[in-house]
Amino acid sequence: MPENATEVTAAGIARLAGVGRAAVSNWRRRYADFPQPVGGTGTSPSFALAEVEQWLRDQGKLAEVPLRERVWQAVAGHPAGAGRALIHVGCALLLVRDRPTAWLELAAAPDERMAALLPQAMEHVLTARLGPAADGVHRAGAPEPTGVHTAGAQEPGDDHAAGSRESARVHTESAPESARVHTPTAQDLLPSVPLLRAAAELAAGIGAGQAFEFLLGRQLDANPRQYTLTPPQLAELMVDLAEPPKDADRAAREQPVRSVLDPAAGTGALLRAVGGPATLYAQEADPALAALTALRLALAAEGPRRPADGAHRAAPGPTVRTGDTLRADAFPELAADTVLCHPPFNERNWGHDELAYDPRWEYGLPARTESELAWVQHVLARLRDGGTAVVLMPPAAASRRSGRRIRAGLLRRGALRAVIALPAGAAPPYGIPLHLWILCKPEPGVRPAADLLLADTSDLSGPAPDASAGPGRPPGGKTPGGGRERFDWPAVRSAVLDAWRDRADVEGVSRVVPVIELLDDDVDLAPARHLPRPASGGGASGLGEVRERLTETLRLTAGLVPPAASPAEPAHRPLTTVGELARAGALFLHSGTAVPGSTAAPVLTEHDVLTGAAPTALPPTGQEAPGRAAADDPVLLEPGDVVVPVLGGGTAARVVDAATAGAALGRNLQLLRPDPAAVDPWFLAGFLRGTANHRQASSYASTAARLDARRLQLPRMPLAEQQRYGERFRELAAFEDALRTAGRLGGQLVQGMYDGLTDGTVTPG
């Protein structure tokens, strides 16, 4: 194997072949010619990507590796680490976009010559986009100064890397560092040259910015516990809340350039969502993550302007600094028009002791347990008079007694203008309903606002109800068990923006509360405390309709009860597996990759399969989520397809009907497309749901069971006999759907009666 060849893990092989990890383990045991490990550990070996691809092709398990997968596997298996590889790719993509002619000339050279010439060309575009290298930050070929932590010094995803802000702060000097991206040396770039060529080819198809978004998103997905992410829909909402009204008399290019700061930039999602002319400022504690953020924002900016003389001039790039924002503020003199912030939550070591006399604490010294209120005051200190800030906050910050004095000060001075509760699942941690605080820096001589907007959108967490749900479904279509993949962002966005712009009382959604009412002993600003929740089932007036629907559903359910079972001896039938049927061409297997909002088509999610709901239909977001680039072509469902979840260990299978056809296959789902002349879809789905069948086809090596659909077993039967079983399985599915509907309506009726009896809208008589 060539030195520094790209390596791939078993998980990467499974992704390439569209199978589960258990299938890769089986291949290693069953096939003596399977490629031998070339690295990794005994429990997590790595293999040469080229050898794996060739073996998969020889076995007929891989027709062609998509270019995006090849590039990602090269990033993930880079000998210097995925983080360093992404920095190399980001620098190269800037060159591809801003100086395409120079890139083509370099790409025509042999690898060693190209690696020798790249640093100077990269230095040119990095200086144009991110400014000249600061003193103490090394350029191409220069040794790294001792004690200076520059971008690229450590890798996101490594054991000691970007996931922990605490670790980054231990190594951060008292003064913030420039996040000027370290220009790689020729020696650094030589192993990356094939990767850079492939990345440029990917960029030619989907654009340099989208190519980097895709690769960065894959890196973030591969290390979910090491990053605190801001979903793109939430980032867009926060930007819109802070957006100043546009001047209708000015063209877009004549709109004033505003300054926008994110003091806890993370992966740069908030600044990435900013539209229009803006000067961007960011600070991030981890140097490597700051470098990736700088490249991401530079690639998201508009391309180079070409003046009359034909020379390329890049648009001004972002200003990104590395350092602990609270302890070492990189922008002490900045008075920004807008501040957007998703700060770290529940930090104890934020600098309480050493910052006791900091001038930023205009509203009081935050308690050691109130790091979020320290961030709120830092945000206000970096705003110009009258500027607006939007901060994502944990719900406890609105009601903890240790923060009541600061909350009271914010209210009295008119600095806090709104507290908006989002549904659970809006952002990590996904299990709690986070809040948005909208702040405005008081202007001297202007009377403070006398009220506070409180809004609660927690009932808008599910997608819009489908026709089959009926009128008894709660407003907003909330569905039990809904999660982040069934999040109705358009409904939440509309409710939040309407509440903020109208500042009006809307029953169950928003209320403008006089400040004097909130200045009690607790100064509790949680919206749920001040807004009565709408009654379940649409209130007392809607309970009658819910009851009628429940009665009708129970009547239909009674008619669908299966007949009494006839006992028989266990059958001993010849069996086959899904994998054998796939090899024989009797069915085809596909794995799902789509998420709601990533494609124009509705997406059938794991939740939809488990609950029998319609596919989740969310409009595509204006900004693609990282790792969900348009290059990922979704698998579209056809009538007769059978879909099974691959995680969780439960038994579920869904046959696609005409109403579901055309939807995209979601993540963590496996699609089985049978040939109707050989396999009946209802017969297939029914036998796949057998408990014993699921147990023998599942692996339990990790914290959750994972299903290997190829190992699921079916009895060998003529098509006519299959159809006889399939008809009975179809009847059972209809009965199950009726029970599910009855349970939902019954729950609404019971809770509605409890609510009505307790609030007096329903009498016991």
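Residues numbered from 1 in each chain as written. Predicted model: local features only at pLDDT ≥ 70, side-chain atom pairs only at ≥ 80, totals over all residues. Heavy atoms only, no water.

**Concerning the overall build of the protein chain**
Part 1 of the argument: In terms of regular secondary structure, the protein chain is built from 25 helices and 23 strands.
Part 2 of the argument: The proportion of buried residues among the 765 residues of the protein chain is 52%.
Part 3 of the argument: Only carbon and sulfur atoms are counted for the fraction: they give 52% of the accessible area of the protein chain, which is about 34,300 Å². (Helix = DSSP H or I, 4+ residues; strand = E, 2+ residues; numbered from the N terminus. Buried < 20%, exposed > 50% of the residue type's maximum accessible area, 1.4 Å probe, protein only. Areas by Shrake-Rupley, 256 points an atom, 1.4 Å probe, with all protein chains shown as cover.)

**Here we look at helix 4 (residues 67–76)**
Part 1 of the argument: Where burial is concerned, most of helix 4 is hidden: seven out of the ten residues are buried.
Part 2 of the argument: Listed in full, the buried residues belonging to helix 4 are Arg68, Glu69, Val71, Trp72, Gln73, Ala74 and Val75.
Part 3 of the argument: Buried residues along helix 4 sit in contact with strand 1 (7–9), helix 1 (10–17), helix 3 (49–58), helix 5 (82–98), helix 10 (193–206) and helix 11 (208–222). (Contact = heavy atoms within 4.5 Å.)

**Remarks on empty space enclosed by the protein**
Part 1 of the argument: Enumeration over the complete set of coordinates arrives at two cavities of 30 Å³ or more.
Part 2 of the argument: Taken as a whole, the largest cavity spans an internal volume of roughly 50 Å³.
Part 3 of the argument: Contributing to the lining of the largest cavity are Arg360, Glu362, Tyr363, Gln377, Leu380, Ala381, Arg413, Lys441 and Pro442.
Part 4 of the argument: Among the residues forming the lining of the largest cavity, the class breakdown is four nonpolar, one polar and four charged. (1 Å grid on protein atoms, 1.4 Å probe; cavity = no way out; pocket = protein on both sides within 12 Å on 5 of 7 lines; lining within 4 Å. Points joined across faces, edges and corners; volume = space filled by probe spheres on them. Nonpolar A, V, L, I, M, F, W, Y, C, P; charged D, E, K, R; others polar.)

**Here we look at the packing of aromatic side chains**
Aromatic ring pairs are reported here in terms of the distance separating the ring centres and the angle at which the planes meet.
Part 1 of the argument: On inspection of all chains with the given rule, the structure shows ten aromatic pairs.
Part 2 of the argument: When the centroid spacing of 5.7 Å and the interplanar angle of 85° are considered together, the rings of Phe34 and Phe47 count as edge-to-face. Remark: Phe47 occurs in strand 3 (residues 45–48) and Phe34 occurs in the loop between helix 2 (21–30) and strand 2 (39–40); sequence separation between them is 13 residues.
Part 3 of the argument: Taking the relative accessible area as the measure of exposure, Phe34 reaches 3% and is therefore buried.
Part 4 of the argument: Centroid distance Tyr281 to Phe331: 5.4 Å. Interplanar angle 75°. Geometry classified as edge-to-face. (Phe/Tyr/Trp six-rings, centres within 6.5 Å; stacked < 30°, edge-to-face > 60°.)

**Considerations on helix 3**
Part 1 of the argument: Looking at helix 3, one finds that the buried residues are Leu49, Val52, Glu53, Trp55 and Leu56. For helix 3, the angular spread of the buried residues around the axis is 165°, confining them to a single face. Turned more than 90 degrees from where helix 3 packs its buried face, Ala50 and Asp58 sit exposed.
Part 2 of the argument: In this fold, the buried residues of helix 3 make contact with strand 1, helix 1, helix 2, strand 3 and helix 4. (Arc of directions from axis to C-beta.)

**Regarding the sheet that holds strand 17 (residues 642–645)**
Part 1 of the argument: Overall, antiparallel pairing links the four strands, which are arranged 15-20-17-18 in an open sheet. At either end of the open sheet lies a strand with only one pairing partner, and these are strand 15 (587–591) and strand 18 (654–655).
Part 2 of the argument: With four bridges joining them, strand 17 and strand 20 (residues 669–674) adopt antiparallel strand pairing. By the bridge assignment for strand 20, Val644 is matched with Gln670.
Part 3 of the argument: Helix 23 (residues 681–688) contacts strand 15, strand 17, strand 18 and strand 20 of the sheet and is inclined by roughly 15° relative to strand 17. (Pairing = 2+ DSSP bridges. Axes fitted to C-alpha atoms, helices over the stretch in contact; angles between N-to-C directions.)

**Regarding the environment of Phe47**
Part 1 of the argument: Taking relative accessible area as the criterion, Phe47 reaches 0% and is therefore assigned buried.
Part 2 of the argument: Spatially, the C-alpha atoms of Phe47 and Thr6 are 8.4 Å apart, while their sequence positions differ by 41 residues.
Part 3 of the argument: Once you skip the residues sitting within four places of it in the chain, Phe47 turns out to touch Thr6, Glu7, Val8, Ala10, Ile13, Arg28, Phe34, Pro35, Gln36, Pro37, Val38 and Val52.

**What to know about the pattern of salt bridges**
Part 1 of the argument: Overall, the coordinates contain 33 salt bridges when judged by the stated rule.
Part 2 of the argument: A salt bridge links Asp337 to Arg384; the shortest N-O distance between them is 2.6 Å. Here the residue Asp337 occupies a position in strand 8 (residues 336–341), and Arg384 occupies one in strand 9 (residues 383–393), the gap between them amounting to 47 residues.
Part 3 of the argument: Of the charged contacts, one joins Arg511 and Glu517 as a salt bridge, the two residues approaching to 3.1 Å between their closest N and O atoms.
Part 4 of the argument: Connected through salt bridges with shared partners, the residues Arg689, Glu736, Asp737 and Arg740 form a single ionic network. (Salt bridge = Lys/Arg side-chain N within 4 Å of Asp/Glu carboxyl O.)

**Description of the sheet that holds strand 2**
Part 1 of the argument: Within the open sheet, the three strands sit side by side as 1-3-2. Their pairing is antiparallel. Only two strands of the sheet have a single neighbouring strand rather than two, namely strand 1 and strand 2.
Part 2 of the argument: Of the pairings in the sheet, the one linking strand 2 to strand 3 comprises two bridges and is antiparallel in character. Counted as the bridge partner of Gly40 is Pro45 from strand 3.
Part 3 of the argument: Against the sheet, helix 1 makes contact with strand 1 and strand 3, and its axis sits at roughly 90° relative to strand 1, the strand it touches most.
Part 4 of the argument: Along the sheet, helix 3 makes contact with strand 1 and strand 3, crossing strand 3 at roughly 75°.

**Considering the pairing of strand 3**
Remark: a regular strand shows side chains that alternate across the two faces of the sheet.
Part 1 of the argument: Pairing of strand 1 with strand 3 involves three bridges; the strand directions are antiparallel. Looking at the pairing, Glu7 lines up with Ala48 of strand 3.

**Things to note about unusual backbone geometry**
Part 1 of the argument: Across the junction of Pro428 and Pro429, the peptide omega takes the value -5°, indicating a cis bond.
Part 2 of the argument: The backbone of Asn346 shows a phi angle near 55°, a positive value even though the residue is not glycine.
Part 3 of the argument: Residue Asn346 is classed as exposed on the basis of its relative accessible area of 55%.
Part 4 of the argument: Positioned with a positive phi, Asn668 is a non-glycine residue whose angle comes to about 60°.
Part 5 of the argument: Along the chain, the position of Asn668 falls in the loop between strand 19 (664–665) and strand 20.
Part 6 of the argument: The exposure class assigned to Asn668 is partly exposed, which follows from its relative accessible area of 30%.

**Overview of the packing of helix 10 against helix 11**
Part 1 of the argument: One way to put it is that helix 10 packs onto helix 11 with a least axis distance of 7 Å and a crossing angle of 120°. Between helix 10 and helix 11, the crossing angle belongs to the class labelled oblique. In the crossing of helix 10 with helix 11, the sense of the turn from one axis to the other is right-handed. Each of Leu202, Ala203 and Ile206 in helix 10 lies in contact with helix 11, whose residues at this interface are Ala208, Gln210, Ala211 and Phe214. (Parallel < 35°, antiparallel > 145°, perpendicular 65-115°, else oblique. Left-handed = near helix turned anticlockwise from the far one by under 90°.)

**Observations concerning the side chain of Glu370**
Part 1 of the argument: In this fold, Glu370 is placed in the loop between strand 8 and helix 15 (371–381).
Part 2 of the argument: Among residues more than four places away in sequence, those in contact with Glu370 are Trp350, Arg400, Ser402 and Gly403.

**Observations regarding the environment of Arg583**
Part 1 of the argument: Here Arg583 shows up in helix 21 (residues 578–583).
Part 2 of the argument: Residues Arg583 and Gly60, 523 residues apart in the sequence, show an inter-C-alpha distance of 9.3 Å.

**Concerning the confidence of the model for the protein chain**
Part 1 of the argument: Averaged over every residue, the pLDDT of the protein chain is 82; residues scoring 70 or more account for 81%.
Part 2 of the argument: The model gives residues 305–315 a pLDDT under 50, and that stretch makes 18 contacts with residues more than four places away or in other chains.
Part 3 of the argument: In this model residues 627–631 is a low-confidence stretch, pLDDT under 50, and it forms 15 contacts with partners more than four residues away in sequence or in other chains. (pLDDT = per-residue confidence, 0-100.)

**Comments concerning the packing of helix 23 against helix 25 (residues 719–759)**
The geometry of a pair of packed helices is captured by two quantities: the angle between their axes and the separation between those axes.
Part 1 of the argument: Contact geometry of helix 23 with helix 25 gives a least axis separation of 7 Å together with a crossing angle of 65°. With respect to their mutual orientation, helix 23 and helix 25 come out roughly perpendicular. Here helix 23 runs over helix 25; the crossing is left-handed. Packed against helix 23, whose contacting residues are Trp682, Phe683, Gly686 and Phe687, the element helix 25 presents Gln722, Tyr725, Gly726, Phe729, Arg730 and Ala733 at the interface.

**A short note on the environment of Ala526**
Part 1 of the argument: The residue Ala526 is located in the loop between helix 18 (515–518) and helix 19 (527–530) in this model.
Part 2 of the argument: Between the alpha carbons of Ala526 and Ser399 there is a distance of 6.3 Å; along the sequence they are 127 residues apart.
Part 3 of the argument: In this structure, Ala526 is in contact with Ala398 and His435, ignoring residues within four places of it in sequence.

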